[in-house]
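Single-letter residue listing:
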Amino acid sequence: MCLGIPGRIVEITDAENSMALVDVSGVRREVNILCVVEEGKPAQEYIGEWVLVHVGFAMSHLDEEEARHTLQLLEELGELQEHLS
Amino acid sequence: MKYVDEFRDPDKARKAQQQIHRLAERIMQCRSGPLLLMEFCGGHTHTIFRYGIEQLLPEAIELVHGPGCPVCVLPRGRVDDALALAQRPEVIFTTFGDAMRVPGSRQSLLQAKTDGADIRMLYSPLDALKLARENPQREVIFFALGFETTMPSTALTVLQAEREGIENFSLFCNHITTAPTIEAILNDPDMKLDGFLAPGHVSMVIGEAPFAFVAERFAKPLVITGFEPLDILQSLAMLLQQILEGRSEVENQYRRVVQKQGNHPGQQAMAKVFQRNDRTELRGLGSIDHSGVRISDPYARFDAERKFPLPGVTVSDPAGCRCGDVLKGLIRPWQCPKFAESCTPQQPLGALMVSSEGACAAYHQYADVQTLKIKRQQASVADPGAH
Ligand code: SF4
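Residues numbered from 1 in each chain as written. Chains lettered and ligands numbered in written order. Predicted model: local features only at pLDDT ≥ 70, side-chain atom pairs only at ≥ 80, totals over all residues. Heavy atoms only, no water.

### Describing the overall build of chain B
Right, on to step 1. Within chain B one finds 16 helices and 13 strands.
Right, on to step 2. The C-alpha atoms of chain B give 21 Å as radius of gyration, which agrees with the globular expectation for 387 residues (21 Å, within 12%).
Right, on to step 3. Pairs at least 24 residues apart make up 77% of the contacts formed inside chain B by residues separated by at least 6 positions.
Right, on to step 4. As displayed, chain B offers around 15400 Å² of accessible surface, 49% of which is attributable to carbon and sulfur atoms.
Right, on to step 5. One finds the centroid of the 42 positive side-chain charges in chain B at a distance of 1 Å from the centroid of its 45 negative side-chain charges. (Helix = DSSP H or I, 4+ residues; strand = E, 2+ residues; numbered from the N terminus. Rg over C-alpha atoms; globule rule 2.2 N^0.38 Å. Contact = heavy atoms within 4.5 Å. Areas by Shrake-Rupley, 256 points an atom, 1.4 Å probe, with all protein chains shown as cover. Lys, Arg positive; Asp, Glu negative; His and termini not counted. Charge placed at Lys NZ, Arg CZ, Asp CG, Glu CD.)

Next comes the structure, spelled out in structure tokens:
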């Protein structure tokens with residue numbers, strides 16, 4: 001129940017109610033994006049962003065830089081070991 | 001899929017696995033007895049079984065599968081209450097699919113649906129609101145379940161209903177909160193955990209701060225963890241590193257999704273629509289202070305419990321069920337005498353056998369059931385006093 005799926009915002013369908021179309025692995029779904037938009041910033045500016053979708057709501061941005069950083073740490077874990085062994 | 005495939009890379013997994021073995025070996029040089037690490041969240045339990053992560057770990061590490069599966073801790077009496085609501089002729093009762101097969105004292109929602117109750121499975125609470133809009137002469141009730149991950153979505157749906165002036169929509173609220181549940185586990189005198197993998201999607205909503213007490217008051221390390229196999233392995237290595245260095249801190253492995261402060265709009269919506277209960281009954285764990293929430297007074301008209309009378313009867317688990325002991329990590333699922341006997345995924349006796357996030361269902365699906373049964377028989381021959 002607590003799993004989320006990454007998707008990309010492709011279209012704002014109802015700016016007033018913060019509804020957008022999100023592409024989740026090729027399937028477009030209408031999703032509420034209120035939790036990931038800043039107040040005062042037009043919803044249009046979020047088109048193209050990666051979000052985590054959860055029971056019809058985008059609950060978080062997916063941060064590319066942090067993702068790369070986490071993968072990098074995993075990579076270094078290996079290098080450290082090769083060094084030790 | 002973006003940020004999914006990268007976290008399933010077998011090469012990186014092997015490296016993380018080796019690191020875990022190395023750390024565990026060093027820790028075990030100066031301690032006896034296994035390291036007990038709890039993954040609180042049912043989503044993690046699911047990943048662990050699906051990818052066979054336990055088989056990758058050294059013997060010294062025992063994963064304890066915690067109670068973070070919302071349908072698993074739903075008391076039987078609450079299922080009965082849900083059924084009473086669903087059987088009212090004016091009601092369309094809506095729910096996530098996970099809850100359909102949870103046994104009440106006589107029936108599950110699925111059985112009631114077969115008998116003619118208007119029960120519908122939905123993907124989102126917003127779909128329930130849509131149904132209410134389309135069926136103004138009916139009352140649409142949404143079975144609100146889950147920890148803080150799902151709470152903002154139901155709260156925002158109530159706020160939307162208020163904005164639109166929809167009167168025939170209400171929640172049957174069974175939301176529970178994570179931190180008090182973890183605290184109850186830590187306060188249990190039988191508990192001997194060495195660290196926690198904390199739920200990533202709960203943390204995405206509430207942030208890091210609510211977990212600080214685990215590190216500060218209970219001196220246990222905790223790592224906020226994502227849901228791919230590499231996330232779990234990396235977090236286990238981070239926990240072991242803390243244990244080796246004698247640290248207890250809240251660390252965040254899932255930074256690509258979880259921000260330190262959590263999600264502000266989600267928190268605001270929750271604070272408006274929900275208020276804490278003094279005590280809430282969790283199946284198998286008993287009554288826990290402040291773990292559950294109900295709908296706050298200003299939104300009382302969206303509360304199905306205040307709109308309709310409910311039986312509200314507490315029903316104990318069937319005799320012989322060891323669900324509570326499994327949830328607390330005191331026994332493994334296969335050690336329950338009902339496991340794969342009178343309790344199976346097709347005919348679940350306890351809720352842990354219902355959802356793919358429940359520990360018993362996970363064992364039943366992914367482990368070799370025959371071997372486990374033999375193991376149990378051998379254990380009871382060796383120790384006839386045990387259950
Ligand atoms: S096997 Fe069934 S009865 Fe036993 S602990 Fe698991 S869910 Fe409960």
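### Some points on helix H2 (residues 42–50) of chain B
Residue and element names in this part refer to chain B.
Right, on to step 1. Of all nine residues in H2, eight are buried; the element is thus mostly enclosed.
Right, on to step 2. Taken residue by residue, H2 has Gly42, Gly43, His44, Thr45, His46, Thr47, Ile48 and Phe49 as its buried positions.
Right, on to step 3. Once H2 ends, the next one or two residues include Gly52, with phi positive near 60°. (Buried < 20%, exposed > 50% of the residue type's maximum accessible area, 1.4 Å probe, protein only.)

### Re the packing of aromatic side chains
Right, on to step 1. Inspection of every chain in the model, using the stated rule, returns seven aromatic pairs over all chains.
Right, on to step 2. Residues Phe143(B) and Phe172(B) carry aromatic rings whose centres are separated by 5.6 Å and whose planes lie at 20° to one another, so their mutual orientation is stacked. One end of the pair, Phe143(B), is in strand S5 (residues 139–146); the other, Phe172(B), is in strand S6 (residues 169–175), and 29 residues separate them in sequence. Assigned by exposure class, Phe143(B) and Phe172(B) land together as buried.
Right, on to step 3. With a centroid separation of 6.1 Å and an interplanar angle of 80°, the aromatic rings of Phe213(B) and Phe218(B) are classed as edge-to-face. Assigned by exposure class, Phe213(B) and Phe218(B) land together as buried.
Right, on to step 4. Aromatic rings pair up to connect Phe93(B), Phe143(B) and Phe172(B) into one cluster.
Right, on to step 5. For Lys41(A), the ring lying beneath its charged end belongs to Tyr46(A), and the centroid distance is 4.9 Å. (Phe/Tyr/Trp six-rings, centres within 6.5 Å; stacked < 30°, edge-to-face > 60°. Lys NZ or Arg CZ within 6 Å of the ring centre and 35° of its normal.)

### Re unusual backbone geometry
Right, on to step 1. For Ser18(A), which is not a glycine, the phi torsion comes out positive at approximately 55°.
Right, on to step 2. According to the relative accessible area criterion, Ser18(A) is buried, its value standing at 10%.
Right, on to step 3. Of note in this structure, His290(B) is not a glycine but carries a positive phi near 55°.
Right, on to step 4. Assignment of secondary structure puts His290(B) in the loop between strand S12 (286–289) and strand S13 (293–295).

### Topic: the site of the ligand
Right, on to step 1. Near the ligand the following residues occur: Cys321(B), Arg322(B), Cys323(B), Val326(B), Cys336(B), Lys338(B), Phe339(B), Cys343(B), Gly350(B), Leu352(B), Met353(B) and Cys360(B).
Right, on to step 2. The residue makeup of the shell around the ligand, split by class, is nine nonpolar, one polar and two charged. (Near = heavy atom within 4 Å. Nonpolar A, V, L, I, M, F, W, Y, C, P; charged D, E, K, R; others polar.)

### Some words on the state of the cysteines
Linking two cysteines covalently through their sulfur atoms gives a disulfide.
Residue and element names in this part refer to chain B.
Right, on to step 1. One pass over the structure, following the stated rule, counts one disulfide over all chains.
Right, on to step 2. Covalently, Cys69 is tied to Cys72 through a disulfide, its sulfur atoms 2.3 Å apart. An S-S torsion of about 65° defines the bridge between Cys69 and Cys72 as right-handed. Side by side, Cys69 and Cys72 carry an identical accessibility label, which is buried. (Disulfide = S-S within 2.5 Å.)

### Details of the pattern of salt bridges
Right, on to step 1. Taken as a whole and judged by the stated rule, the model has 28 salt bridges over all chains.
Right, on to step 2. One network of salt bridges, with partners in common, ties together Glu75(A), Asp9(B), Asp11(B), Lys12(B), Arg14(B) and Lys15(B). (Salt bridge = Lys/Arg side-chain N within 4 Å of Asp/Glu carboxyl O.)

### Considering the packing of helix H7 (residues 151–164) of chain B against helix H12 (residues 264–273) of chain B
Residue and element names in this part refer to chain B.
Right, on to step 1. Two elements in contact, H7 and H12, have axes separated by 8 Å at closest approach and are oriented at 65°. Taken as a pair, H7 and H12 cross one another with a handedness that is left-handed. Two secondary-structure elements touch here, H7 through Met151, Pro152, Ala155, Leu156, Val158 and Leu159 and H12 through Gly266, Ala269, Met270, Lys272 and Val273.
Right, on to step 2. Looking at the contact of H7 with H12 residue by residue, the class counts come to nine nonpolar, one polar and one charged. (Axes fitted to C-alpha atoms, helices over the stretch in contact; angles between N-to-C directions. Left-handed = near helix turned anticlockwise from the far one by under 90°.)

### Re the pairing of strand S3 (residues 91–95) of chain B
Residues and elements named next belong to chain B.
Right, on to step 1. The element S3 is largely enclosed, with a buried count of five among its five residues.
Right, on to step 2. Both faces of S3 are covered, namely the face carrying Val91, Phe93 and Thr95 and the face carrying Ile92 and Thr94.
Right, on to step 3. Sheet analysis places S3 next to strand S4 (residues 119–121), joined by three bridges and oriented parallel. The residue of S4 that forms the bridge with Thr94 is Arg120.
Right, on to step 4. What joins S3 to S4 is helix H5 (residues 109–114), and the crossover it makes is right-handed. (Pairing = 2+ DSSP bridges. Right-handed = clockwise from strand over helix to strand, strands pointing away.)

### A short note on the sheet that holds S5(B)
Residue and element names in this part refer to chain B.
Right, on to step 1. One open sheet accounts for four strands, arranged S4-S3-S5-S6; its pairing is parallel. Only two strands of the sheet have a single partner each, and these edge strands are S4 and S6. For this sheet, the mean inter-axis angle between neighbouring strands, taken without regard to orientation, is 25°.
Right, on to step 2. When S3 meets S5, the two strands line up parallel, connected through four bridges. Bridge pairing links Val91 to Glu139 in S5.
Right, on to step 3. Packing of helix H4 (residues 76–86) onto the sheet brings it into contact with S3, S4, S5 and S6, and relative to S6 it is tilted by some 170°.
Right, on to step 4. The sheet strands contacting H7 are S5 and S6, and the helix crosses S6 at an angle near 160°.

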